[in-house]
Every structure is written in structure tokens, then in C-alpha cells.
Amino acid sequence: MKRYIKINDRDNVIVALTDLRSNEQIEDIKLREEIKAGHKFSAIAIAKGQAVVKYGAKIGYATADIKAGQWVHTHNIKTSLGEIKEYEYDPEIKDNDRKEDSEINDNERKKEREFQGYRRPNGKVGIRNEIFIIPTVGCINNIASEVARGSQQFLCKNIDAIVSYSHPYGCSQMGEDQENTKKILADLINHPNAAAVLVIGLGCENCNIEELKKYIGEYDKERVKFVVCQEVEDEIEYSIEQVRGLVEWAKKFEREACSTKDLIIGLKCGGSDGLSGITANPALGAFSDLLIAKGGTTILTEVPEMFGAETLLMARCENVDVFEKTVKLINDFKEYFIAHDQVVYENPSPGNKAGGISTLEDKSLGCTQKSGTSKVVDVLSYGEQVKKRGLNLLSGPGNDLVAATALASSGAQIVLFTTGRGTPFASPVPTIKISSNSMLAEKKNKWIDFDCGKMLKEDVNIAEELMDYVLEVASGKKVKSEILGMRDMAIFKQGVTL
């Protein structure tokens, strides 16, 4: 197993892949202190004020003189990020950094693969045949949950799950907050993983059923049913009967062969450590490139975790229009921070720092590895549906639950979630947990679905392995969070609550 890595020839820091002892000799460098796995030490002497370089890019500057072999972290490095800035479109001359052995390999890479999915009447493809129960307002969450519990009796071979999604919104909201709620609920109602949907309203909320229908658009009246609690005597009994009918309608769908062109995969990370940008996130990037080569689509979000690496994404925009949308994506989110009197670069989290990430640039350069090397084909606003195949950027925060829900609402049938520290959460769609280190995969094997720590121990084609696993999940294999019965959703709150 490798014990350390210099990620890029231009780097002046080295990352420990396992705990290293003080006074240990690493090539021609004698370590001056213990270096924990995922943390960095200086490869050369770095003077105060000099750039600290990792991933071949600046991740901050030294706040004190740093000697070769010395630990480099938050005590002696600081971010160099500022606030709003101007950008110029400077596209990369080459398409990407991937080198193919031959034209035959390239053709093989582009060959579509199949999974067993559910093709819906509107042409979309789901990877689950589920019944969603969605409350329009938070004050009837318990009603929706009770309906879901009472409907488990209808589960059968061709129905994967009957689930309700709780949220605290739908009333006493103003402006963009209310818009976000309506958009996300409508997106979930229209999601292809839902064979059928029961929408339960209270009757007096801002986000009432008639108002929500304006956002849902055209819908199949056999697929979507509505209940207004204030208008029926026993809302639970009545709703359970509605679910019975929806199950009968949904049972007609059967899995059939679908192409990788039909897959939309969300890319997300959380609880990162110093290995996330070396193993799990690059693995997602390689997977994203492979899926896109096969005609599929990926979505990258967490805009605050693009800060410091955004120019790399901008250089991959396929045209000026996409570049300008990316600039707006970045600067709008910075304005959001500033409007709330928050510093733009107040990140990473305590868990990130404990794992070896020192600055936002350090985190962002590791996070954006998830996007691979493909061109950016479109930029989506929060709650907007994917329209173009390829790599899409989505406006959304870094918060795990909010961002994963946003990915699902934009059309992702699966979310790939990398982590160095672990988390049990899930989203409205199957959420595959991918560990950056094998110790986490072993310790939390009820949480972790796929281990990228093995990349440090053996030479593996991780993109192909991950593709195989994703296609299994798309064909019906349950992920750990599904087995545990975990389902979460969260809506981005940006405004006033009355």
C-alpha cells in the first residue's frame, strides 16, 4: 500500500495516505512531527506569504515559515479567496486530459450499456417503481407518515416501496422560499422513480393543492391523486384507499432493457477527508466521464464548494453562453453569502479539518474532481430539470440533505455520495455511499456501499467497477440506506418565515 502521495508535480506539499511517524524519513525529507492520514506535510521550505500548492493549484498561503517535513494545516495556512470577481472565458484547447490507448478502446468506452428500468408513458425512465406520498405542508407530515405505514399492506412483487416525504414548509413562507417549496414538491411528484403519487394537502396552506397543480403541469389522473384533509371525514382511511388504487395502477409497469443514455446521476460529497480528493472524488469523475461517453448525464452541485476551483469548470464550458451562466451561478451564490453578512470562504467544516482539509480551495479542488474532465453542457437553476445530456452544473448549497434533494428534483434517479467520515442519511432517490478510505468502509459497513480506499492498495479500473455497481442498483439492487429504510428530503430555505 502506498504510504504518501504527491498529487501533482507542481505541488509543494505531500499527502499522507497512512499515519506517518515523527522523524520518519520520507525519501529525502525527515518528518518533523506526526502526520495523520489525509493530512499534508511540506515537501520543501515554504516562506511566510508563499503559495501552498496541492492538486497543482494554490490552496492558500503560508501564515508562517514552514520547514520541509512540517505539518501543513489550518495553524500555518490561510485561504487566499476573496469576494465577487470577474472572469474571462478561456476554454481549454484540448477536450480533456484522458488519453485513450487506441481508437478501438475509445469506441468500446462509448458503447452503450443496459440496465433494467421502468419506462414511463412520458418517455422518462425510472429505476424504482415506488409510490410517493407527499404532503403539501409540514403540519400534516404525521398524517402522511401514518398513511405510508397503513399502506405497507399493499406492497407486492412489482412495487419497490411506499414512502412519505416529510418537510416543514408549505405555509407561512414568502417570495423565493415559497417558490422553492412549490418547485421541489412538483419535481418530486413528476419524478420517474415514482410510479404513482398521492399528494395530501391540509386545505388552508399557501402551497395548497390547486396552487401546486400550476407547478406540476400536465399529469396523468391515474398516476397522481389528491386528498384535502379538511374536506374528508377520516383523512387517513380515505388516503389509504387512494393508495390502494394507485398500487393497482402502478403494478402494470415491468422492468425492461434501458440504455445508459437514460441515466441521470447526481454527484455529491460530504464529510470529506484528506483522501476524498485522491480516491473517491476522482473515482466519481472517472465514472462521470465514462457515463457521459456512453450517452448519459451527470449533475454536479454544491456551489460553495466550487469556490476556488470554479475557473477549472469555466474553462470546460462548451460555449460562451454556458460560461456566462456558470459565472452567474458562482457570483449569485457569493452575493447570497454577502447578503446574509457571511464571509464567502467560511468553509470547510470541523469534520473536514479533522480529516486533513485546510482551506476552501483545498476542499473545492478535491470536490470538483467529481466532475471528471467532460465539457459542461448546461447550468441549472435550483429546482430546474435537466434538458441536455452530459455534465450539468446545478445551483444548490453544500448541505448534504438540501443538495441531494436538489439533485433528485432535477431528475437524478440515483445520487452518488462520497465521504471520508461517513453519514447514514439518504435522499428521495437511492443514495450510494462511497468511502474514500477502507477503514470507514469496514467500520460502517451498514452505511457504505462502495469502497474507493482500495485504490490505494491495488490497481483497479474504478470507473468500470462503479459503473457495474450503478447499473446493478439501477436494475433493482437496494443500497444500504434503502435496506435501513432511510429516506430524507430538505428544501433550500432562503427567505422570510411569517
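Summarised in this report is the structure supplied together with it. (Residues numbered from 1 in each chain as written. Predicted model: local features only at pLDDT ≥ 70, side-chain atom pairs only at ≥ 80, totals over all residues. Heavy atoms only, no water.)

1. So, the packing of aromatic side chains
Put simply, the rule reads: Within 6.5 Å between ring centres, the rings of Phe, Tyr and Trp (the latter by its six-membered ring) count as paired, and their orientation is classed by plane angle as stacked under 30 degrees, edge-to-face over 60, tilted in between. The helix count covers DSSP runs of H or I at least four residues long, the strand count covers runs of E at least two residues long, and both are numbered beginning at the N terminus. Only protein chains enter the area calculation, which uses a 1.4 Å probe; residues under 20% of their type maximum are buried, those over 50% are exposed, and those in between are partly exposed. Two limits define a charge over a ring: the Lys NZ or Arg CZ must be within 6 Å of the ring centre, and within 35 degrees of the ring normal.
Considering all chains together, one arrives at 13 aromatic pairs under this definition. Centroid distance Tyr 382 to Phe 492: 5.7 Å. Interplanar angle 70°. Geometry classified as edge-to-face. Of this pair, Tyr 382 sits in the loop between β19 (376-380) and β20 (391-394) while Phe 492 sits in the segment after α14 (480-483), placing them 110 residues apart in sequence. Overall, Tyr 382 belongs to the buried group, its relative accessible area being 6%. Joined through ring pairs, the aromatic side chains of Phe 307, Phe 333, Tyr 336, Phe 337, Tyr 382 and Phe 492 make up one cluster. The ring of Phe 307 carries Lys 334 above its face, with NZ or CZ at 5.4 Å from the centroid. One Lys or Arg, Lys 444, reaches over the ring of Trp 447 and ends 4.1 Å from the middle of that ring.

2. Some points on the sheet that holds strand β5 (residues 40-42)
Quick reminder of the rule: Note: two strands are recorded as paired if DSSP finds a minimum of 2 bridges between them.
Within the open sheet, the four strands sit side by side as β1-β2-β5-β8. Their pairing is antiparallel. The sheet is open, and its two borders are formed by β1 (4-5) and β8 (71-72), each paired with just one other strand. Where strand β2 (residues 13-16) lies against β5, three bridges are found, and the strand directions are antiparallel. Bridge pairing in β5 places Ile 14 opposite Phe 41.

3. So, a nonpolar patch on the surface
What counts, and what does not: Two distance rules govern patches: like charges are joined within 9 Å, and nonpolar side chains (Val, Leu, Ile, Met, Phe, Trp, Tyr) within 5 Å, applied only to residues with over 30% relative accessible area and no salt bridge. Residue-level accessible areas treat just the shown protein chains as cover; the underlying method is Shrake-Rupley with a 1.4 Å probe. We define a salt bridge as a contact between a side-chain nitrogen of Lys or Arg and a carboxyl oxygen of Asp or Glu at a distance within 4 Å.
Taken together, the side chains of Met 174, Val 496 and Leu 498 present a nonpolar region at the surface, about 320 Å² in accessible area. Relative to the helices and strands, Met 174 resides in the loop between β13 (161-164) and α3 (175-189).

4. Focus on empty space enclosed by the protein
Operational definition: Detection works on a 1 Å grid of protein atoms alone, calling trapped sets that fit a 1.4 Å probe cavities and calling open sets with protein on both sides within 12 Å along at least five of seven lines pockets, with lining residues defined by an atom within 4 Å of a point. Grid points are joined across faces, edges and corners, and a volume is the space filled by probe spheres set on the points. Three categories are distinguished: nonpolar for Ala, Val, Leu, Ile, Met, Phe, Trp, Tyr, Cys and Pro, charged for Asp, Glu, Lys and Arg, and polar for the others, with Gly belonging to the last.
Per the counting criterion, the structure on display carries two cavities of 30 Å³ or more. Each pocket or cavity is described by its volume, and for the largest cavity that value is around 60 Å³. What lines the largest cavity is a set of 13 residues, and nearest its centre among them are Tyr 55, Asp 273, Ile 357, Asp 362 and Gly 366. The greatest single-element share of the lining of the largest cavity, amounting to four residues, is contributed by helix α10 (residues 360-367). The volume enclosed by the second largest cavity comes to roughly 40 Å³. Its residues assigned to classes, the lining of the second largest cavity shows three nonpolar, two polar and three charged.

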